Amino acid sequence: MKKTMPLTKIASVILITLSATSCARFEERAQAEGTFDYENATLTNEYKSGNFTRDEQRNAYQIPVLTEQQKQFGMLGIDVDIRPPVQLMAVIEGVSIDPDAIQTKVWFNAFKQDEKMDQKVWDLILKYLSAHKANSVQADRSSLTIETGPIVRFTDHGRNEVREQADYSLSIEEAADGRSASLSVDVKDYQQVNDGIAVKQILEARTKHSIEIRFINDLLAFAYTENESETLQDSNKKPLPIKLGFDDNHQTAWIIDTPFINVWEKLPALLTTMSFEAVQENKNLGYFLVEFVPQDAAYWAENGLNPITLESGEYFAQLGELSNGQTSIIWLDSDKKVLSDQEVTDLYLSITEKLRSVTLSKDVQKKSL
């Protein structure tokens, strides 16, 4: 009777054979093909180049004399600026770079028919210069031109600090449509010290344009901060719009008609007033763990609250983002069990309109000038 070898054994034999063959030929496979006669080759005095020039064979090279422009703008390798050109960071809406290749210019566009953009840009620049304590400003409102005088800026990069001092000529021009204005920037003098070492600068071409764009970016960052500050002041006057309702899971909850981030920033101050002491918080999971401390009638009256009769202990205020953009707050006990509808309602009724106006510390929005 003829026996057949199992397929697994056949495969194993083939693999072992290939492995052994591979090991035996490894040294040969690692060598270059052909002979090694080139190791004994000698250099030729002349090579054939056909119809092409053989100037490369000459022993003496003619190096052209540097032009006056090259002497003026040339740099040694250590001084060459290899950084990419600075790009406009339009953190303010309605700002765009002008394609003019000769001068650095940006446009500020209005979103309302009655906005006078030339006046807004003018006011912004003067406020910026005042913030940077520029003491030699020469501003001509009739011609919309400004000579800034020396402006000093410091930038901290962690391991080193960069100090920049520059003088700029600024020119504002209203567009023919009356709804936009341009700002042209011309740097007149520039000095940079990087970690105590002066950096050589040539105010021409790409380097000059990059310096001017950096000034515009800093101006726009200043405008952004100003807008954010004004937004925060406005939000401080607005109440936290809390109402009683149901979340997406049909649980009794506080419903707040404002985005999650706004509620997250405002709620701690309200909880403190309600006599909840902070224990822990987790923004990723969206909860505040707080401890309620009972108070007497005098405290509630002094802080404009209706008395809270909750038992002392730890509670979770769990925030959630609803599908319609609103924010919900579910109240849980220390075991993460949902409080009764009555307890959630009592907490809501303890808050007066006065206490729904809580300081909002952060509200990041991209806005126009």
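The coordinates are above.
Analysis parameters
Residues numbered from 1 in each chain as written. Predicted model: local features only at pLDDT ≥ 70, side-chain atom pairs only at ≥ 80, totals over all residues. Heavy atoms only, no water. Phe/Tyr/Trp six-rings, centres within 6.5 Å; stacked < 30°, edge-to-face > 60°. Helix = DSSP H or I, 4+ residues; strand = E, 2+ residues; numbered from the N terminus. Buried < 20%, exposed > 50% of the residue type's maximum accessible area, 1.4 Å probe, protein only. Lys NZ or Arg CZ within 6 Å of the ring centre and 35° of its normal. 1 Å grid on protein atoms, 1.4 Å probe; cavity = no way out; pocket = protein on both sides within 12 Å on 5 of 7 lines; lining within 4 Å. Points joined across faces, edges and corners; volume = space filled by probe spheres on them. Nonpolar A, V, L, I, M, F, W, Y, C, P; charged D, E, K, R; others polar. Pairing = 2+ DSSP bridges. Axes fitted to C-alpha atoms, helices over the stretch in contact; angles between N-to-C directions. Contact = heavy atoms within 4.5 Å. Expected span 1.5 Å × (residues − 1). Bend = angle between axes of the 7 residues up to and from the residue. Core = buried A, V, L, I, M, F, W, Y, C linked by side-chain atoms within 4.5 Å.

Chemist: Describe the packing of aromatic side chains, naming the residues involved and giving the relevant values.
Modeler: Evaluated as defined, the whole model comprises 11 aromatic pairs. Residues Phe276 and Phe292 carry aromatic rings whose centres are separated by 5.2 Å and whose planes lie at 50° to one another, so their mutual orientation is tilted. Here Phe276, found in strand E11 (residues 276-282), pairs with Phe292, found in strand E12 (residues 287-292); they are 16 residues apart in sequence, far enough to count as distant. When its relative accessible area of 3% is taken as the criterion, Phe276 is described as buried. Residue class for Phe292 comes out buried when judged on its relative accessible area of 1%. Here Tyr299 and Trp300 contribute two aromatic rings whose centre-to-centre distance is 5.2 Å and whose plane-to-plane angle is 80°, an arrangement assigned as edge-to-face. You can call Trp300 buried: its relative accessible area is 3%. Here the aromatic residues Trp254, Phe276, Phe292, Tyr299, Trp300 and Trp331 are joined through ring pairs into a cluster of three or more. The ring of Trp122 carries Arg141 above its face, with NZ or CZ at 5.4 Å from the centroid. Residue placement shows Lys336 over the ring face of Phe316; its charged tip is 5.3 Å from the ring centre.

Chemist: I'd like a rundown of the layout of surface pockets, residues and numbers included.
Modeler: For the largest pocket, the calculated volume is near 360 Å³. As for the largest pocket, its lining consists of 16 residues, of which Thr155, His157, Val162, Glu164 and Arg214 are closest to the centre. When grouped by side-chain class, the residues that make up the lining of the largest pocket number 4 nonpolar, 7 polar and 5 charged.

Chemist: Outline the sheet that holds strand E10 (residues 252-256), listing residues and values.
Modeler: On the basis of which strands lie adjacent, the open sheet formed by 6 strands has the order E9-E10-E14-E13-E12-E11 and antiparallel pairing. Looking at strand neighbours, the two that pair on one side only are strand E9 (242-246) and E11, the edges of this open sheet. Mean inter-strand twist for the sheet, computed between neighbouring axes without regard to direction, equals 30°. As paired strands, strand E13 (residues 313-321) and strand E14 (residues 327-333) are joined by 7 bridges and run antiparallel to one another. Bridging from a neighbouring strand, Phe316 pairs with Leu332 of E14. Across the face of the sheet, helix H5 (residues 260-273) comes into contact with E9, E10, E11, E12, E13 and E14 while running at roughly 10° to E12. Helix-sheet contacts for helix H7 (residues 341-350) involve E9, E10, E11 and E14, and the interaxial angle to E10 is about 30°.

Chemist: With reference to specific residues and values, describe the side chain of Thr148.
Modeler: Relative to the assigned elements, Thr148 resides in the loop between strand E4 (145-147) and strand E5 (151-156). Thr148 gets classed as buried once you look at its relative accessible area, which sits at 0%. If sequence neighbours within four positions are ignored, Thr148 has contacts with Leu129, Ala134, Ser136, Val137, Ala166, Asp167, Tyr168 and Leu170.

Chemist: Account for the pairing of E14, with residues named and values stated.
Modeler: With respect to burial, E14 is a largely interior element, 6 of its 7 residues being buried. Bridge analysis of E10 against E14 gives 3 bridges, and the strand direction is antiparallel. Within E14, the position partnered with Ile255 by the bridge is Ser328.

Chemist: So what's going on with H5? Which residues, and what values?
Modeler: Every α-helical turn comprises 3.6 residues, leaving residues that sit three or four positions apart pointing alike. Across its 14 residues, H5 extends 20 Å between first and last C-alpha, which sits within 8% of the 20 Å expected from 1.5 Å per residue. Along H5, the sharpest change in direction is near 35° and occurs at Lys266; proline Pro268 comes one to four residues later. Taken as a whole, H5 has its buried residues at Phe260, Asn262, Val263, Trp264, Glu265, Lys266, Leu267, Leu270 and Leu271. Two residues or fewer after H5 comes Ser275, characterised by a positive phi angle close to 70°.

Chemist: Please provide a residue-by-residue account of the nonpolar core, values included.
Modeler: The biggest cluster of nonpolar side chains holds 35 residues, and the ones touching the most others in it are Phe108, Ile125, Tyr168, Leu170, Ile172, Leu183 and Phe215. Of all the elements in the fold, those that place two or more residues in this core are strand E2 (104-109), helix H3 (117-131), strand E6 (161-174), strand E7 (180-194) and helix H4 (205-236). Here this core takes 9 residues from H4, the largest share from any one element. Beyond its immediate sequence surroundings of up to four residues, Phe215 is in contact with Tyr128, Ile151, Arg153, Tyr168, Leu170 and Val185. Residues Trp254, Phe260, Val263 and Leu319 belong to the second largest nonpolar core, which totals 30 residues.

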